[in-house]
Amino acid sequence: MYWVCNVSTCNRPRTALAFCSVNGWDAHVPMLRHRDSWAEERKSPTPAEWTRQQRDAVTKERRGRR
Ligand SMILES: [Zn+2]
């Protein structure tokens, strides 16, 4: 279980900020000057899901460069 920021720029695959607690998320809000933001609770993916997500991300990136 972890926390993510709801702001889209913090959720890009390249950035993919994750926080182990709400305190950690809270600390980054002033740094990035979010106005409307909240923390979202997430569950860590299983190893199989993680592998699939990484593969998908690479595939998309290759397509984008063509
Ligand atoms: Zn953020």
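Reference entry: report on the structure contained in this document. (Residues numbered from 1 in each chain as written. Predicted model: local features only at pLDDT ≥ 70, side-chain atom pairs only at ≥ 80, totals over all residues. Heavy atoms only, no water.)

Overview of the overall build of the chain
Across its full length, the chain carries two helices and two strands. The order of helices and strands in the chain, counted from the N terminus, is β-α-β-α. The principal-axis extent of the C-alpha atoms belonging to the chain is close to 35 × 30 × 15 Å. Burial analysis of the chain (66 residues in total) assigns 17% to the buried set. Counting contacts in the chain only where the partners sit at least 6 residues apart, residues at least 24 apart contribute 47% of the total. With an accessible surface of roughly 5700 Å², the chain has 51% of that area assigned to carbon and sulfur atoms. (Helix = DSSP H or I, 4+ residues; strand = E, 2+ residues; numbered from the N terminus. Buried < 20%, exposed > 50% of the residue type's maximum accessible area, 1.4 Å probe, protein only. Contact = heavy atoms within 4.5 Å. Areas by Shrake-Rupley, 256 points an atom, 1.4 Å probe, with all protein chains shown as cover.)

With respect to the coordination of the zinc ion
Bound to the zinc ion are the protein donor atoms Cys-5 (SG), Cys-10 (SG), His-28 (NE2) and His-34 (NE2), situated 2.1 to 2.3 Å from the metal. The coordination sphere of the zinc ion comprises four donor atoms, whose angles at the metal cover 102 to 118°; the geometry is tetrahedral. Between the donor residues of the zinc ion, the gaps in sequence give the motif C-x4-C-x17-H-x5-H. Of this pair, Cys-5 sits in strand E1 (residues 2-5) while His-34 sits in the loop between helix H1 (22-32) and strand E2 (39-42); the two residues are 29 residues apart in sequence, bridging distant segments of the chain. (Donors = N, O, S within 2.8 Å, 3.2 Å for Na, K, Ca; no water. Tetrahedral: all angles 85-135°; square planar, octahedral: opposite > 155°, others 65-115°.)

Let's talk about the environment of Tyr-2
Here Tyr-2 is to be found in strand E1. Sequence-wise, Tyr-2 and Cys-20 are 18 residues apart; in three dimensions their C-alpha atoms are separated by 4.9 Å.

Thoughts on the layout of surface pockets
When its volume is computed, the largest pocket comes out at roughly 690 Å³. Around the largest pocket, the lining is made up of 20 residues, and of these Pro-13, Ala-16, Trp-50, Gln-53 and Gln-54 lie nearest the centre. At the level of secondary structure, the elements contributing two or more residues to the lining of the largest pocket comprise E1 and helix H2 (47-65). In terms of residue count, the dominant contributor to the lining of the largest pocket is H2 (eight residues). When the residues that make up the lining of the largest pocket are grouped by side-chain class, the tally is 10 nonpolar, three polar and seven charged. (1 Å grid on protein atoms, 1.4 Å probe; cavity = no way out; pocket = protein on both sides within 12 Å on 5 of 7 lines; lining within 4 Å. Points joined across faces, edges and corners; volume = space filled by probe spheres on them. Nonpolar A, V, L, I, M, F, W, Y, C, P; charged D, E, K, R; others polar.)

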